[in-house]
Each structure stands twice: as structure tokens, then as C-alpha cells.
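Topology and contacts: notes
Below, each chain spelled out in residue letters.
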Amino acid sequence: MTLDSRGAAGSSPLPSGTVTLFLTDIEGSTQHWEQGSAAMSLALGRHNELLRGAIEGHGGHVFKTVGDAFCAAFSRASDAIAAAVAAQRAVESEDWSAVGGMRVRMALHSGTTDERDGDYFGPVVNRVARLLGVVHGGQLVLSGTTAQLLRGVMPEGTDLRDLGEHRLKDLVEPERVFQVLAPGLPEAFPPLLSLQSLPNNLPRQITVLIGRDDVVAQIEEMVGRHAMVTIVGTGGVGKTRVALQVGADTLDASGDGVWFVDLAPLIDPHLAVEAIAAVFGVRLHPERSAIETLEEYLKRKRLLLILDNCEHIVDEVARVAASILRSCPNVRLLATSREPLRIEGERVYRMPSLGFPPENRELNAGDAMRYGAVALFAERAAASDGRFVLSDESAQIVADICRRLDGIALAIELAAARVKVLAPRQLAQKLDERFHVLTGGSRTALPRQQTMRALIDWSYDLLTQKEQQLFRKLAVFAGGWTLETASQVCAGESEASLEAWEVLELISSLVDKSLVLVEPAAEQERYVLLESIRQYAAERLDSSGERDVVARAHATAYLDLAQRLDEMRESSPRRAWRAIAEPERENWRAALDWSLSERGETVLGQRLVGTVGSWWWIVSATEALPWVDAARKAAGEATPQEVHASLDVAEASLYSGLRQLEQSYAAASRAMERYAELDDHPGAGRAQLLAANALVHLGQHEAAQELATKALARFRENNATRSTSMALMHLATAQEAAGDIDAARALCVEALSNWKTIEWDGGEADFMIYLAELEFRAGNVQTALEIAAQALQKQREMNDRQLILTNLTNTSAYFLSIDRHDEAVAHAREALALAMREDLAVFVAWTLQHLAAIAALRSAGSQRAHEDAPRAARLLGFVDARLEQLGARRTYTEHQEWDRAISALKEDLGSAELERCMKEGRAWGQERAIAEALAIP
């Protein structure tokens, strides 16, 4: 039977609010399966029938089954206990001799739950699972909370036996446990398998563990297979809490128990052995070494020993742990540290941060709570201020807070505690001052665990002088770095500087100490600092007086990289080029911010703008233009002529991408003059090509052909394969605009063939857009649609957003031209969303025109025209005004669409009313225009 979110057999909604949860599982089921899988399969089928019948027969809802475990929910506790008693009686009365007997454990617990998508989440679910974990086969127990709900409504013949308070394996508040007594149910059982009945010294925890189920399961699997496991991670990530939970979960399989040793308070490393011995009550003898005495005791034991907070005495802990592993075959070790112990037999588990939602994802409260970081924030915020409830409105803000805090548990807890004085939005705004905000941890915690600054201070102070020096310098990187760039930026010529050969070893050490993270990649690994750690390192860099020296080295390194990438574009596969370029976007931003600032180096920044500006479409042309403007304003006598020319080319390229063609032509013309003076043929060719592209769309076809032909000759002379292909394409566009479709098609095919020789991945899709436009202009609309669809698939694979946008806008117009309105609307809406996200104003205007034209043409001559036509006319008025403001021109595709739409609107509205509506639309703002366009069905 398939279950869904409506509960049992999909008959009615799952209970919500305060519910009673009923969990069961079969004791020793693994052994049953090993003894005979066929017999166990039949027995399990019967078991499932009995439990499901009892649950559903008493109004329960089976919301999940996992193996032989049943999870059910009841609106009323009285129904839950009646179902549980019936289920246990049915199991006890059945003949299970074929599988050597069957005993089922059962537990009930009540509380307020979080129900999502047919499942339950939250502390109540975790609590009942922990309660089930202490029960014996055949035993039915319930919590004190459920017992309270059953007062006066117990089923006839049933009673409760108070088993007292028991610490469960969630390590939080003890639970009052009651055994259910009823005719037909066994009564005599050994003591519950709770923490106080098993040997351990695991400390009680005040709060539940959130968002770590997968991590705990992975570590438990490692502990089961290996004698020594070390949980490594940055400070505050939650290593200790996870280690304690692993200890609790493995307690009943550890023979002589699980024992926790907190090494954090130790100052003298040599006291480590004494601290361990004290946990076991082992008396040390003066005539024998401490480690020998401890080993003599542990040799006879089978247990798990947790060594917590090892990093500050790691060498001594490593020596002690290695000795225990050699001498005590049945002792397993679980350590937590900010760096591995690096001893034989050790397995390292690198603790991840809590999961948080990806950036720019729409979230409601339910979606957000699926992420451990958000769930932790919500729980701790509610504990700090009982009025706090995560809402759909605050979910996005809280997700952003958790993201900016890198999912570090301590940082999230400290931030959540501030909701009693700061609303989530205020808290998010203050995260730039995070070391002042993230304070006020538990007064009973060690000082280094009370604030984020103290936490990172602790790690920093444990570093060697050279490690500290490199760590500070790494703050200059934004969005990560490679080993090559780190060596270039962080090594220097002065006597006190690091040597390039030292950087690898020092970065490796910082990775081991959990201050630097590694991001594996196919070609080259990248390294990153968590944002909180980077801010701390930046403060250290500023206070050291090294900021400007390191920032200059960083900007120089990224100028070198930009220049290499610019050369690579002529002959390297696009995928390889983008694999290098795209991860460095944040570093180029940082280099530009510094070099064009008052403290920066202006010419260096101008060179960087001139280099990256012409291909900053990988991020945003609108973002790059202010940098070009800033570089121009900073120009003076020290600015070389070739730098001026490169800024002109960058500006022309960016305006071309934005389809602001008059501005593009003006910048390209200046560049042509400068490169002619410099006698720079490759530079002149690039400027000529940009000018030719602008002139085509400005209607000056002959001049465009002349410039494109000159550029083509220059590129062929210099064996610039990629630029040669682009020149052929621009020449084809000029021929198309002049009306020679056959010549344009031939040039386009030649360009595509030439392009394939450099393996510019997906590059053929760029040319397919041109081919589609050619076919559309030739009247072959179906062919144009087929070519555009093939190109769009390739562009999506490459995630080439601007070309995707171009293709979507064109395709919308193609569909509209043959009255396939639904497809036209779908493509236009997707294009509008992408244009808004990329902040490309011209494309926003064009997509609004498409939607307006669809409204005008779809309803032309019909009864709907009285509603659609005025809106379409106003939108077209807005588009006209916006294109004039941007200095953008319509291409052939947009022109033919505009003409058809205007003609239809004249028929429906008349010339005077059309003019009035268009004038009204010219006064609209973009926000109003977008809202009106999206209202078009």
C-alpha cells in the first residue's frame, strides 16, 4: 500500500498540533534475517499486517515505515495506547517459531510536531525514537507526557507501571518512563537500557542535537570499523556535541561503556594521561609511568574513549593515543580536534558545517526548516525569545544569516540569542560587525567558547609565526584561491617574507588545523576561508600593517591571470577557459575595488579594467561599466595610451552586450584612433569589429561591411582563429542587413567551420543564433525555430546566460510570427525573468515588447481586444521611451513584430486612442510596466 501525506491509506489528513507518536521495531531483526531470509520475509509480511491493522483500526495514521520499523501518529493518546496494546497482543499471540520467535519493541510519546509532506519532524520525533532505543523486545512503554494525557481515559484493563526517570540517548532532560500493563502482555523485563543503567560518564546536554543525523550516522559507521577516529573541524562547528551523541548511540554495544575526557581545561600537555586516568578512577603509582598504569587498566576493557578538544596539546594526545591503540586491543578512540593527530591507524572525519539553503532560492518557512542551520537558529531563537516563530516572511532573512555565518553552529547559536533585542532583518544588517554581535555565549563555557572572536583567537594563537603570517595574507582572497596564486601573492622578496616553496606546506598545515577548507576540483583544487574566519584574518592583516602590500600583490596576480585568459580566448576550449575564469570573479572584484580606491594603484586598476571589461559578460555588463567609468575618471598623465585604448574597447564591448549601439560605436571609434596611433594591428582589429557590429544595427551596412572586412584581414594575418570567426559572423550580419541572405549564410557556415577548429565548447551555438535569424529573415520560420531550439539546449548546458536570453527573446518573436501564442508567452516570460535577474535593461524592454505584441495580436478583432489592446499600447509606449533612453535600436526581428502589433492596435483602438495610450505608457516606470506585462495571461 502506498502512503501519502494524508496518512493511512490516504483517507484523511495527518494529525497536527499535539499528537501522540507510536514507534515500533523488531528486536534482533538482523539475526532473524541471517538465520533464514525466506522465513523472515513471510514473518515480516504477517508482522506488518498485524501492526497496520491495529493502528488503522484505532484511527491511527502510518506515516512512515523503515525496514521493520513502524511510525504512526494519533490525534488522541487514548487511541494510541489502545492501538499499541492491540498490536502487542496480536504479536504475542502469533506463532513465530519459523524464525525462532519475534519480540517487538514499542514506545509512545506526545507533543507538538512539525508536519511536512507526510512526515513529522522536530524534538518530539527524536524523543520517541530515543525512548524506543531503551526498550526491550515485547515491552510497551510511554513517556510521562503521554501518561499525563491518559489520566482518566486509560483503556479498560490497562495500567501503568512507573519505571522512574531515565536519561535517554539524546543526552537532554531525563524522561519519566511508564510500562504499559495489560492482559496478554509480558510484564517482567530487565532494567531499561538507559544511560544510568550502562557504564558511562556522558554529560547531560541542555539542548537537543539538530541537523546532524547524517553526520552522526557516518561517524558511528567509522567508529564501528576503525579503532581510532578523529573528528576534525573549525572551532564552533559542533564536534563535541556530535562526539557525545555518537558515544550515546554506541553505548549498549561498548561492553565496558563510553567514557568522555574533556582536555580543553588542560594547560600542561603532560597532564593528559592523568586526566584520562581520573575518569576511570585509576590511581597512578610513583614507581610506574602514568601511561603504563593506564594501559594496564585498559587492557582488560572493551570500551569507547572520547578525547575531546585535543588541538592545544595535540602532540601529547597523539603519543598517548598511539600507545593505547598498541596496547589495548578492545579500546576504541574517538577524538575531536581542529587538526588530526596524525598517528597510525587514525581515520579522519572532517566535520561539515550545518546545511543552509543556496543563495537566491525562494523559501517559505517549511522549506527553510529542512536545513539544519535554519532549524538550529529557529530553535535557539525561540529559546531566547518565546515570541519568535520562523515565518514565511522571515525565512529568507534567516537563511541569509545562516549562509553568511557559514553554517557554524556556535555562530548561529550566538546570532539566534540576539533576536530578543534585534529583529532578523536588523541582525542580518549587523553581520558585517559580527565579532561585536556574536558574543554572549554561556557563562559556564570556556572563555574561548563565549564569543566568535575568542574562538578564532584560540586557533590563531596555536599557529606558528609563519602560519600566522600566511593566514593573515590569505584574507586578501575573495571566493577562494589556487596554490599558484597563493604562492604569487603571499611570498615575497624581503627577508621576513615567506618563500614560494613554503606556501604549499603552510596551506596544508592550515587545512589540517581547520582554518582553511579545500574545494576539490577536476583540474585544480581551490582553497577557501569561511567568511567569519576571513573577516578575522582581515582584521589581523590590517593591524599588521601589511594590507596594502598584500593587496597590491593580489591585484598584480589577477591582472596577470586576466591577461593570460585574454590570450587563451583565441585558441583554448571555452569550457577550459571558463573553468579558470568563473571561479575568480570575486577576486577580480576585490582587485578592482582596491586598485581603483584612494589607497590603490590607479594604472594597475586601469589595466585590469581594460583586460577583464571586454569579457565581463560572465558576470554582468552593467556591473563592469561603473568600473570603466571609474578608471576613466582616474586617468591622468601617467595613464599610457594603450591603457586608454583598452578601456575604449572594454566600454564598446560592454555596450554592445547591452545593445546600446550608439555608445558602443562611439567607444569603438575612439579605440580605432588610438590603436592607429600605436600601430597596434590586433587592437585595431578588435575595435573595428566592435564598430562594425554597431554600424550594422544602426543601419550603416556598407560602412559595417568595410570595417568587418578590414578586421577580418587583420585577424587572418595574426592567425587569430576565434577573432577571425567573429569577423566572419559580423560580416555575415552586415550582408544580411543589406539583404544578401545567401552571402550571409555562406559566411556564417564558414565562420562555424573555422570556429570548430579551436574546440570552443558550445561555440557553434553562438553562430546558430545568427543562422536562426538568417532563416527567419528569409521567411523560413520553422527552420529558424529548429535551429534556435538546438542552440538553446547547448547554451543551457554551458549556462551562457546572455546568449540564453538572446535566444529566448528571438524564439518568442518567431513563435508569435506564426501565431503560436502560448509558446511565445512561455519564452518571453522566461526571458523577462532572466533579464531582470541579470539586470539587462535592453532585454527587459524587448521582452516587454514581446508580451505586449502577443496581447495585441492574440486578441486582435476579438471581444478581448477592449481589455488587452489598451494595455498592449501602453506597454509599447513604455518600450519606445525606454529604448530611446538607453540608446538602443530594434533589430529586424523586433521591428517586424512592432510593425504587426502597431497595425493591429490601430484597427482595434484607432490612431488617436493608440497615441493616447502609448503616451500614457511612456510615463510608466519599469516596475509598473513589468507588473502590467506579467498580468497578460
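Criteria and cut-off values
- Each chain has its residues counted from 1, running along the sequence as written.
- Note on the predicted model: pLDDT of at least 70 is required for a residue's local features to be given, and 80 or more for side-chain atom pairs to be given and counted; whole-chain, interface and lining totals, by contrast, use all residues.
- Note that the side-chain values use all heavy atoms of the structure and ignore hydrogens as well as water.
- In DSSP terms, a helix is any run of H or I states spanning at least four residues, a strand is any run of E spanning at least two, and both are numbered starting from the N terminus.
- Note on classification: 1.4 Å probe, protein chains only; a residue is buried when its accessible area is under 20% of the maximum for its type, exposed when over 50%, partly exposed between these limits.
- Note on definitions: a residue-residue contact is assigned when non-hydrogen atoms from the two residues lie within 4.5 Å.
- Each accessible area is a Shrake-Rupley result for a 1.4 Å probe, and residues are judged covered by the shown protein chains and nothing else.
- His is not counted here, nor are the chain ends, while Lys and Arg score as positive and Asp and Glu score as negative.
- Note on charges: their place is set at NZ of Lys, CZ of Arg, CG of Asp or CD of Glu.
- Here, strands pair whenever DSSP counts at least two bridges between them.
- Only C-alpha atoms enter the line fits that serve as axes; for helices the fit covers just the stretch in contact. Angles between N-to-C directions range over 0 to 180 degrees.
- The quantity called pLDDT is the predictor's confidence in a given residue, expressed from 0 to 100.
- Each aromatic pair joins two rings of Phe, Tyr and Trp (for Trp, the six-membered one) with centres within 6.5 Å, and gets the label stacked for planes under 30 degrees apart, edge-to-face for over 60, and tilted for any other angle.
- Here the expected span of a helix is defined as 1.5 Å times the quantity of residues minus one.
- As used here, the term nonpolar core means buried Ala, Val, Leu, Ile, Met, Phe, Trp, Tyr and Cys residues forming a set that is joined through side-chain atoms within 4.5 Å.
- Just to be clear on terms, a salt bridge is a Lys or Arg side-chain nitrogen sitting within 4 Å of an Asp or Glu carboxyl oxygen.
- We call a crossover right-handed when, viewed with both strands directed away from the observer, the connection leading from the first strand over the helix to the second proceeds clockwise.

1. Here we look at the overall build of the protein chain
- Per the secondary structure count, the protein chain includes 41 helices and 16 strands.
- For the protein chain, the spread of C-alpha atoms along the principal axes amounts to about 100 × 80 × 55 Å.
- Within the span of the protein chain, comprising 937 residues, buried residues form 56% of the whole.
- When contacts within the protein chain are restricted to residue pairs at least 6 apart in sequence, those whose partners lie at least 24 apart make up 72%.
- By element, 48% of the accessible surface of the protein chain is carried by carbon and sulfur atoms, the whole surface being about 39,500 Å².
- Taken as two groups, the 98 positive and 131 negative side-chain charges of the protein chain have centres that lie 3 Å from each other.

2. Observations concerning the pairing of strand S2 (residues 61-66)
- The sheet contact formed by S2 and strand S3 (residues 69-74) spans 5 bridges and is antiparallel. Each residue of the ladder has a partner; that of Val66, found in S3, is Ala69.
- Here S2 hands over to S3 after 2 residues, with Gly67 in that stretch at a positive phi of 65°.

3. Regarding the sheet that holds strand S9 (residues 175-181)
- With respect to topology, 7 strands assemble into an open sheet ordered S2-S3-S1-S4-S7-S9-S8, the strand pairing being mixed. Each edge of the open sheet is held by one strand with a lone partner, namely S2 and strand S8 (159-166). Averaged over all neighbouring strand pairs, the angle between strand axes comes to 20°, with direction disregarded.
- Pairing of strand S7 (residues 140-143) with S9, which is carried by 3 bridges, proceeds in the antiparallel orientation.

4. With respect to the confidence of the model for the protein chain
- Across the protein chain, pLDDT averages 87, with 95% of residues at or above 70.
- Within the model, pLDDT remains below 50 along residues 1-11, and this stretch shows 26 contacts once partners closer than five positions in the same chain are excluded.

5. Examining the environment of Val232
- Within the secondary structure, Val232 sits in strand S10 (residues 228-232).
- Residue Val232 is classed as buried on the basis of its relative accessible area, which comes to 1%.
- Between the C-alpha atom of Val232 and that of Glu339, which follows or precedes it by 107 residues, the distance is 5.8 Å.
- Beyond its immediate chain neighbours, meaning those up to four positions away, Val232 contacts Lys239, Ser337, Arg338, Glu339, Pro340, Val348, Tyr349, Arg350, Met351, Asp512 and Ser514.

6. A look at the sheet that holds strand S11 (residues 258-262)
- Pairing is parallel across the open sheet formed by 5 strands, whose spatial order is S11-S12-S13-S10-S14. Edge positions in the open sheet fall to S11 and strand S14 (346-350), since each of these has one partner strand only. Between one strand axis and the next, the sheet turns through 20° on average, direction left out of account.
- Looking at chain direction, S10 and strand S13 (residues 331-337) are connected through 5 bridges and run parallel. Its bridge partner lying in S13, Thr230 is registered against Ala335.
- Across the sheet, helix H8 (residues 272-280) lies against S11 and strand S12 (303-308), angled at about 140° from S11, the strand it touches most.

7. With respect to the packing of aromatic side chains
- Applying the stated rule across the entire model yields 14 aromatic pairs.
- Ring geometry for Phe63 versus Tyr120: centroids 4.7 Å apart, planes at 70°, classification edge-to-face. In this pair, Phe63 is assigned in strand S2 and Tyr120 in strand S6 (residues 119-121), connecting sequence segments 57 residues apart. Pair check on accessibility: Phe63 and Tyr120 agree, each one buried.
- With centroids separated by 6.4 Å and ring planes inclined at 40°, the aromatic side chains of Phe471 and Tyr536 adopt a geometry described as tilted. Of the two residues, Phe471 sits in helix H18 (residues 465-473) while Tyr536 sits in helix H21 (residues 531-544), which places them 65 residues apart along the sequence.
- The class for Phe471 is buried, based on a relative accessible area of 0%.
- Tyr536 gets classed as buried once you look at its relative accessible area, which sits at 2%.

8. Things to note about the environment of Arg714
- Positionally, Arg714 belongs in helix H30 (residues 701-717).
- Relative accessible area serves as the criterion here: at 22%, Arg714 is assigned to the partly exposed category.

9. Some remarks on helix H9 (residues 290-298)
- Those residues of H9 that fall on the buried side of the exposure criterion are Ile291, Thr293, Leu294, Glu295 and Leu298.
- Packed against the buried residues of H9 are H8, S12, helix H10 (314-327) and S13.

10. Remarks on H30
- Here H30 contains 17 residues, and its C-alpha end-to-end distance of 24 Å stays within 8% of the 24 Å for a straight helix at 1.5 Å per residue.
- Of the positions making up H30, those classed as buried are Ala704, Gln705, Leu707, Ala708, Ala711, Leu712 and Phe715.
- On its buried face, H30 sits against helix H28 (661-678), helix H29 (681-697) and helix H31 (721-737).

11. Here's the deal with the nonpolar core
- Of all hydrophobic cores here, the largest spans 199 residues; its most connected members are Phe377, Phe471, Trp481 and Trp588.
- Looking at which element gives the most residues to this core, the answer is helix H37 (residues 841-858), with 14 residues.
- Not counting the four nearest positions on each side in its chain, Trp588 is found in contact with Tyr558, Leu561, Ala562, Leu565, Ala581, Leu608, Val612, Trp615 and Trp616.
- Core analysis: the second largest hydrophobic core is formed by 36 residues, Phe70, Trp96, Met106 and Leu142 among them.

12. Quick word on the pattern of salt bridges
- Inspection of every chain in the model, using the stated rule, returns 60 salt bridges.
- A salt bridge links Lys513 to Glu467; the shortest N-O distance between them is 3.5 Å. With Lys513 in the loop between helix H20 (500-512) and strand S15 (517-519) and Glu467 in helix H18, the pair connects residues that are 46 residues apart, well separated along the chain.
- Exposure remark for Lys513: the relative accessible area of 13% places this residue in the buried category.
- The exposure class assigned to Glu467 is buried, which follows from its relative accessible area of 6%.

13. Considerations on the pairing of S12
- Buried residues dominate S12, accounting for 6 of its 6 residues.
- Burial of the side chains of S12 extends over both faces: Leu303, Leu305 and Leu307 are buried on one face and Leu304, Ile306 and Asp308 on the other.
- Relative to S12, S11 is paired through 5 bridges, and the arrangement is parallel. Within S12, the position partnered with Val261 by the bridge is Leu307.
- Of the pairings in the sheet, the one linking S12 to S13 comprises 5 bridges and is parallel in character. Among the inter-strand pairings, Leu307 is bridged to a residue of S13, identified as Ala335.
- Note on the crossover from S12 through H10 to S13: the handedness is right-handed.

14. Remarks on unusual backbone geometry
- Its identity is not glycine, yet Asn309 carries a phi of approximately 60°, on the positive side.
- Following the sequence through the fold, Asn309 ends up in the loop between S12 and H10.
- In this model, Asp819 sits at a positive phi of 60°, which is unusual for a non-glycine residue.
- Mapped onto the elements of the fold, Asp819 is located in the loop between helix H35 (801-817) and helix H36 (821-838).

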